[in-house]
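Descriptive structure summary
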Amino acid sequence: MRKELLPGEQVIVVTRPQPRTLVGPALLFILVCALTAFACAWIVKGGPAKLVPLATPAWTPWLVGASLALAAWVLVAYCLPKVVTWHASRYTLTSRRLIARYGMLRRRDQQVPLAAVRNVFVEQTLLQRSLRSGNISLDTGYPSRTVIPDVPEVMTFRNFILDAIDDIPEDELIEADDTMHGTGDWPGNMREGGRDER
């Protein structure tokens, strides 16, 4: 992150989304491991031969292997992607920007300059309130808001954003206000409808 900072920019806080999304994969991981251990022990003790007379002891390695392969498939196909997605998501608040990064193989970045932020909203469900997390919406004057989902310690994070906005020099806020609301000139040859083709 240090290489990507602008001159004079400082990192205030770096965090990841609330880890509540990992509860399902963690429970499934425990359940699959327990069921696989039970199934392997049942197969080794000759359980299949009691149900199906054709299942001789020669089938035991194949059945144990199939049980292990099925368990590995569930863990790799469901649990691992959830953990990797959570681990690869990161929210970075600097003295100038809020950066949200998602994904490891397919990366998606969201950057919001703090000088352009007009309002900061916090939205919480009942579960998020109990975990002190929530969604932060940043109003920058555009029709759609930028939403940062599942921020842990959301009220503290919001206060960090507001403090960082208060510390931005006044001239940068005026420049951002002119660009956002059209009171200043559009950069280059741009007009409200797009490029000026004249």
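Not measured: the values here are computed from a predicted model. (Residues numbered from 1 in each chain as written. Predicted model: local features only at pLDDT ≥ 70, side-chain atom pairs only at ≥ 80, totals over all residues. Heavy atoms only, no water.)

1. Details of the confidence of the model for the chain
- Mean pLDDT for the chain: 81, with 82% of residues reaching 70 or above.
- Predicted confidence for residues 182-198 stays below pLDDT 50, and this span has 10 contacts to residues more than four positions away or in other chains. (pLDDT = per-residue confidence, 0-100. Contact = heavy atoms within 4.5 Å.)

2. Here's the deal with the sheet that holds strand β2 (residues 90-94)
- Reading across the sheet, the 4 strands line up as β1-β2-β3-β4 and stay open at both edges, with antiparallel pairing between neighbours. The two strands at the open ends of the sheet, each matched to only one other strand, are β1 (11-15) and β4 (108-113). When strand polarity is set aside, the average angle formed by the axes of neighbouring strands in this sheet is 10°.
- Pairing between strand β3 (residues 97-102) and β4: 6 bridges, direction antiparallel. (Pairing = 2+ DSSP bridges. Helix = DSSP H or I, 4+ residues; strand = E, 2+ residues; numbered from the N terminus. Axes fitted to C-alpha atoms, helices over the stretch in contact; angles between N-to-C directions.)

3. Considering the side chain of T36
- In this fold, T36 is placed in helix α1 (residues 23-44).
- A polar contact of 2.7 Å, which involves the side chain of T36, links it to the backbone oxygen of V32.
- In contact with T36, not counting residues within four places along its chain, are S67, L68 and A71. (Polar contact = N/O pair within 3.5 Å; in protein donor to acceptor, adjacent residues only side chain to side chain.)

4. Focus on the pattern of salt bridges
- A complete count under the given rule lists 4 salt bridges for this structure.
- For E9, the salt bridge goes to R97, with nearest N and O atoms at 2.9 Å. In this pair, E9 sits in the segment before β1 while R97 sits in strand β3, placing the two residues 88 residues apart along the sequence. Of the two residues examined, E9 and R97, each falls in the buried class. (Salt bridge = Lys/Arg side-chain N within 4 Å of Asp/Glu carboxyl O. Buried < 20%, exposed > 50% of the residue type's maximum accessible area, 1.4 Å probe, protein only.)

5. Some details on the sheet that holds strand β6 (residues 133-139)
- Strand order in the open sheet made by the 3 strands is β5-β6-β7, with antiparallel pairing throughout. Whereas interior strands pair on both sides, the edge strands pair on one side only; in this sheet they are β5 (119-123) and β7 (146-152). The mean angle between the axes of side-by-side strands here comes to 25°, regardless of whether they run parallel or antiparallel.
- Here β5 runs beside β6; their pairing, made up of 5 bridges, is antiparallel. Each bridged residue has a counterpart across the sheet, and for V120 the counterpart in β6 is L138.

6. Quick notes on the side chain of S133
- As for its placement among the helices and strands, S133 is situated in strand β6.
- According to the relative accessible area criterion, S133 is buried, its value standing at 0%.

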